[in-house]
Amino acid sequence: MKKLNTPIGFIMVIVLSLSLAFCAAAYQTGRAAFLPGDTTCDGKVTTADARLTLRHAVSLEKLTGDALKAADADENGTIDTADARNILRYSVGIDLDLKGTPAYVPPETTKAPEEYRIAMLGDSQVATAANYNIRSSQFDYFGRVSLNVYTIFNKKAPGSDRYIIDEVKDRDYDAIIIHLGVNEISYSNSTWGEQYGKVIDALKERAPDAEIYCSAILPITESASKKNEFGCNNKSIIEKNEIIRSVAAQKGVHFIDAGTILRNDQGVLPSNAAPSDGVHLGKNYAETWINWTFTQITG
């Protein structure tokens with residue numbers, strides 16, 4: 001550590017030392033898990049945490065214990081200036097999380113919510129919402145059982161003569177929602193993420209004025225997760241959702257996760273939410289999902 005000669009510098013050293021000691025003590029005594037990004041261990045993520053992470057990254061400080069864990073914002077095992085940047089952007093509200101998901105800023109519009117036109121493209125969950133006729137005055141559903149990020153280019157929705165990827169052309173949608181992934185849980189993450197990016201690019205080309213939203217794969221019930229059919233379980237869903245989140249950030253589009261309102265206290269979909277198979281939402285929960293999604297788009 002560089003020597004600080006001023007009284008203020010001396011005080012800062014004491015404060016930082018006490019913060020690190022507190023973190024170390026919490027770690028050693030088995031207290032509650034650390035808060036990612038909270039390198040000062042004060043229970044919140046602020047610009048002070050970004051500063052401390054940066055000082056560690058450039059060898060002006062040495063973090064230990066929970067403070068060291070908290071500083072690894074991108075969870076890649078290395079603490080560098082990128083982590084400090086992520087913590088700073090999150091602390092001031094530029095990003096939604098420490099992994100760089102941009103905070104959603106609604107586009108300027110004079111439209112009332114009921115005037116929005118929204119296209120939702122995806123798998124059987126989308127087809128189910130269409131069958132329930134949820135918000136049909138705002139939503140056009142283009143869903144197909146077993147649709148995935150590859151077949152969206154060569155499969156058609158029931159009753160349509162267009163490939164699903166082409167349904168958004170020349171229709172002046174305000175927003176387009178992609179809801180894909182549950183059928184590809186067992187697919188290679190790297191190639192699947194690349195293909196998901198191609199879906200986004202194709203939609204941008206076909207509807208350049210629309211806002212694009214990548215919808216997270218919905219959670220499933222505990223029993224369905226334990227069944228693990230085709231490798232589909234809640235742990236794998238979370239992993240795929242992290243890829244969707246990352247691709248959305250790279251492509252500059254939005255990521256929305258209805259799981260935040262659908263999961264119960266155990267972190268899974270309640271058993272009564274998908275009574276048929278533990279995966280596909282019943283009408284009440286499907287309405288909750290679509291209504292929540294609608295408010296994310298219209299504010």
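Preceding this paragraph is the structure being described.
Okay, so let's go over this structure.

Concerning the overall build of the protein chain
Tallying secondary structure elements over the protein chain gives 10 helices and five strands in all. Looking at the protein chain as a whole, 46% of its 299 residues are labelled buried. Restricting the contact set of the protein chain to residue pairs at least 6 apart, pairs at least 24 apart contribute 63%. As displayed, the protein chain offers around 15,300 Å² of accessible surface, 52% of which is attributable to carbon and sulfur atoms.

Considerations on the nonpolar core
Ranked by size, the top nonpolar core spans 39 residues in total, and within it Leu121, Ile176, Ile178, Tyr196 and Leu203 carry the most contacts. For this core, the secondary structure elements donating two or more residues are β1 (118-122), β3 (175-179), α6 (189-206), β4 (211-215) and α8 (234-251). For this core, the element with the highest residue contribution is α6, accounting for six residues. Not counting residues within four places of it along the chain, the set of residues in contact with Ile176 comprises Ala119, Leu121, Val168, Leu203, Ala207, Ala210, Glu211, Ile212 and Tyr213. Ranked by size, the runner-up nonpolar core spans 25 residues in total, among them Tyr141, Ala273, Leu281 and Ile290.

Here's the deal with the pattern of salt bridges
Enumeration over the complete set of coordinates arrives at 16 salt bridges. Arg245 is the partner of Asp97 in a salt bridge, and the nearest nitrogen-oxygen pair spans 2.5 Å. Taken together, the positions of Asp97 in the loop between α4 (81-91) and β1 and Arg245 in helix α8 put the pair 148 residues apart, joining distant regions of the chain. On the accessibility criterion, Asp97 (14% relative accessible area) is buried. The class for Arg245 is buried, based on a relative accessible area of 18%. The partner of Glu167 in a salt bridge is Arg171, and the shortest N-O contact between them spans 2.7 Å.

Focus on α4
Residues of α4 that are buried include every one of Asp83, Ala84, Asn86 and Ile87, and no others. With its buried residues spanning 160 degrees around the axis, α4 presents them on a single face. Contacts from the buried residues of α4 go to α2 (47-57) and α3 (65-71).

What to know about a nonpolar patch on the surface
On the surface, Leu88, Val92 and Ile94 cluster together into a nonpolar patch covering about 240 Å² of accessible area. The topology assignment puts Val92 in the loop between α4 and β1.

Remarks on the packing of α2 against α4
Between α2 and α4, the least distance of the axes is 8 Å, while the angle of their chain directions is 175 degrees. When the axis of α2 is compared with that of α4, the two are roughly antiparallel. Where α2 abuts α4, its residues Thr47, Asp49, Ala50, Thr53, Leu54 and Ala57 lie against Thr81, Asp83, Ala84, Ile87, Leu88 and Ser91. Its residues assigned to classes, the contact of α2 with α4 shows six nonpolar, four polar and two charged.

Considering the packing of aromatic side chains
For the coordinates displayed, the defined rule picks out four aromatic pairs. Ring geometry for Phe139 and Phe294: centres 6.2 Å apart, planes at 50 degrees, overall tilted. Of this pair, Phe139 sits in strand β2 (residues 139-143) while Phe294 sits in helix α10 (residues 283-298), and the two are 155 residues apart along the sequence. The exposure classification of Phe139 matches that of Phe294, with both residues buried. With centroids separated by 6.2 Å and ring planes inclined at 45 degrees, the aromatic side chains of Tyr150 and Tyr187 adopt a geometry described as tilted. With a gap of 37 residues between them, Tyr150 in the loop between β2 and β3 and Tyr187 in the loop between β3 and α6 connect regions that are remote in the sequence. Of the residues examined, Tyr150 reaches a relative accessible area of 35% and is grouped as partly exposed. Residue class for Tyr187 comes out partly exposed when judged on its relative accessible area of 33%. An aromatic cluster of three or more residues is present, and its members are Phe139, Tyr141 and Phe294. Between the NZ or CZ atom of Lys156 and the centre of the ring of Tyr163, over which it lies, the distance is 5.6 Å.

Conventions and cut-offs
- Residues numbered from 1 in each chain as written.
- Predicted model: local features only at pLDDT ≥ 70, side-chain atom pairs only at ≥ 80, totals over all residues.
- Heavy atoms only, no water.
- Helix = DSSP H or I, 4+ residues; strand = E, 2+ residues; numbered from the N terminus.
- Buried < 20%, exposed > 50% of the residue type's maximum accessible area, 1.4 Å probe, protein only.
- Contact = heavy atoms within 4.5 Å.
- Areas by Shrake-Rupley, 256 points an atom, 1.4 Å probe, with all protein chains shown as cover.
- Core = buried A, V, L, I, M, F, W, Y, C linked by side-chain atoms within 4.5 Å.
- Salt bridge = Lys/Arg side-chain N within 4 Å of Asp/Glu carboxyl O.
- Arc of directions from axis to C-beta.
- Patch = residues over 30% accessible without salt bridge, like charges linked within 9 Å, V, L, I, M, F, W, Y side chains within 5 Å.
- Axes fitted to C-alpha atoms, helices over the stretch in contact; angles between N-to-C directions.
- Parallel < 35°, antiparallel > 145°, perpendicular 65-115°, else oblique.
- Nonpolar A, V, L, I, M, F, W, Y, C, P; charged D, E, K, R; others polar.
- Phe/Tyr/Trp six-rings, centres within 6.5 Å; stacked < 30°, edge-to-face > 60°.
- Lys NZ or Arg CZ within 6 Å of the ring centre and 35° of its normal.

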